[in-house]
Amino acid sequence: SLPEALGVPYEARVHDYAWFCPRITLLDDTGLPCDEPAPEKCLRCVAAGLPLDNDLPPAPQLVARSARLLAGAGRVLAPSRDAAARLARHFPGAPLLVAPHPEPAFAPPPPPAFLPWDGRTPLRLALIGAIGSHKGYEVLLAMARDAARRELPLSFAVAGFTKDDFALFGTGRVFVTGRYEEGEAEGVV
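Residues numbered from 1 in each chain as written. Predicted model: local features only at pLDDT ≥ 70, side-chain atom pairs only at ≥ 80, totals over all residues. Heavy atoms only, no water.

### Remarks on the packing of helix H2 (residues 39–48) against helix H3 (residues 59–72)
In contact at an axis separation of 7 Å, H2 and H3 are set at 135 degrees when each is read in the N-to-C sense. Taken together, the axes of H2 and H3 lie oblique to each other. Here Pro39, Glu40, Cys42 and Leu43 of H2 lie close against H3, whose contacting residues are Ala59, Pro60 and Val63. Taken together, the residues that form the contact of H2 with H3 break down as 6 nonpolar, no polar and 1 charged. (Axes fitted to C-alpha atoms, helices over the stretch in contact; angles between N-to-C directions. Helix = DSSP H or I, 4+ residues; strand = E, 2+ residues; numbered from the N terminus. Parallel < 35°, antiparallel > 145°, perpendicular 65-115°, else oblique. Contact = heavy atoms within 4.5 Å. Nonpolar A, V, L, I, M, F, W, Y, C, P; charged D, E, K, R; others polar.)

Here it is in structure tokens:
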């Protein structure tokens, strides 16, 4: 409510779905993508699932607050057409524009000479970020378990944390650095 209190123009930059999803990620109480129901149905989803790791208000109040803030913005910058379309369904009065996040383009280095992998050369794969279901946690866990079961020379390093580090540790194939500060990612793995 600060822009309203000050009476100044403002813009909103969207990063995730915290404007209308109390879980932020659009995953339901089972960990699967939700169908973006009415806010009243979100109350049941939140009540049925894991506790939230944020201090957002319940969905009906969240959507009402967001509608007021987004409608008052000079423009609302969504990072993709998909994000803009989702926001438009919930906030038809928002002045939406598609504007990708301003991070510089990333040009990955050329792959090492041993790729494609021969299955014998030790290989360590790195992942960056907070790895939850919406970012493939279950896939990572299955890959680590498979590598251990088949005794492949394959290991994984997570720069950050996951939804269940200990299950990954149990495979003997995953190293997790823990949380890190902006700018430290390159040195932690």
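We are not done yet, so read on.
### Describing the nonpolar core
One recurring pattern in soluble globular proteins: nonpolar side chains tend to sit buried together. Core analysis: the biggest nonpolar cluster contains 19 residues, and Tyr17, Trp19, Phe20, Leu70, Val76, Leu87 and Phe91 have the highest contact counts within it. Those elements that provide at least two residues to this core are H3, strand S2 (75–78) and helix H4 (81–90). In this view, Val76 contacts Ala12, Val14, Leu70, Ala94, Pro95, Leu96 and Leu97; residues no more than four positions away in its chain are not counted. (Core = buried A, V, L, I, M, F, W, Y, C linked by side-chain atoms within 4.5 Å. Buried < 20%, exposed > 50% of the residue type's maximum accessible area, 1.4 Å probe, protein only.)

### Focus on the sheet that holds strand S3 (residues 96–98)
In space, the 3 strands of this open sheet follow the order S1-S2-S3, with parallel pairing throughout. Pairing within the sheet leaves two strands with one partner each, and these edge strands are strand S1 (11–13) and S3. Sheet twist, expressed as the mean angle between neighbouring strand axes with direction ignored, is 25 degrees. Both S1 and S2 contribute to a ladder of 3 bridges, which runs parallel. Following the sheet pairing, Glu11 is matched in S2 by Arg75. (Pairing = 2+ DSSP bridges.)

### Re the packing of aromatic side chains
Under the defined criterion, the tally for this structure stands at 3 aromatic pairs. Taken together, a centroid distance of 5.6 Å and an interplanar angle of 90 degrees make the contact between Phe166 and Phe169 edge-to-face. One end of the pair is Phe166 and the other is Phe169, both in helix H6 (residues 165–169) and 3 residues apart, which spans about a single turn. According to the relative accessible area criterion, Phe169 is partly exposed, its value standing at 36%. Each member of the aromatic cluster is reached from another via a ring pair, and the members are Tyr17, Phe20 and Phe91. If you follow Arg86 out to its NZ or CZ, it ends over the ring of Tyr17, 5.9 Å from the centre. Its guanidinium or amino end placed over the ring of Phe161, Arg179 lies 3.9 Å from that ring's centre, counting from NZ or CZ. (Phe/Tyr/Trp six-rings, centres within 6.5 Å; stacked < 30°, edge-to-face > 60°. Lys NZ or Arg CZ within 6 Å of the ring centre and 35° of its normal.)

### Structural notes on a nonpolar patch on the surface
Residues Leu2, Leu6 and Val8 make up a contiguous nonpolar surface patch of roughly 300 Å² in combined accessible area. With respect to the helices and strands, the residue Val8 is situated in the loop between helix H1 (2–6) and S1. (Patch = residues over 30% accessible without salt bridge, like charges linked within 9 Å, V, L, I, M, F, W, Y side chains within 5 Å. Areas by Shrake-Rupley, 256 points an atom, 1.4 Å probe, with all protein chains shown as cover. Salt bridge = Lys/Arg side-chain N within 4 Å of Asp/Glu carboxyl O.)

### Here we look at the state of the cysteines
This structure, assessed with the given rule, holds 0 disulfides. Lacking any disulfide linkage, Cys21 is separated from the closest cysteine sulfur, that of Cys34, by 5.6 Å. The thiol sulfur of Cys42 is not disulfide-bonded, and the nearest other cysteine sulfur, from Cys34, lies at 6.3 Å. You can call Cys42 buried: its relative accessible area is 13%. (Disulfide = S-S within 2.5 Å.)

### Topic: the environment of Phe20
You can see Phe20 is positioned in the loop between S1 and H2. A relative accessible area of 4% means that Phe20 is categorised as buried. Residues Phe20 and Leu62, 42 residues apart in the sequence, show an inter-C-alpha distance of 6.1 Å. Aside from chain neighbours lying at most four places away, what touches Phe20 is Leu26, Glu36, Leu62, Val63, Arg86, Leu87, His90 and Phe91.

### As for the environment of Thr30
Tracing the backbone through its elements, the reader meets Thr30 in the loop between S1 and H2. Along the backbone, Thr30 and Ser133 are 103 residues apart, and their C-alpha atoms lie at a distance of 10.0 Å.

Worth remembering: the numbers are spatial, not functional.
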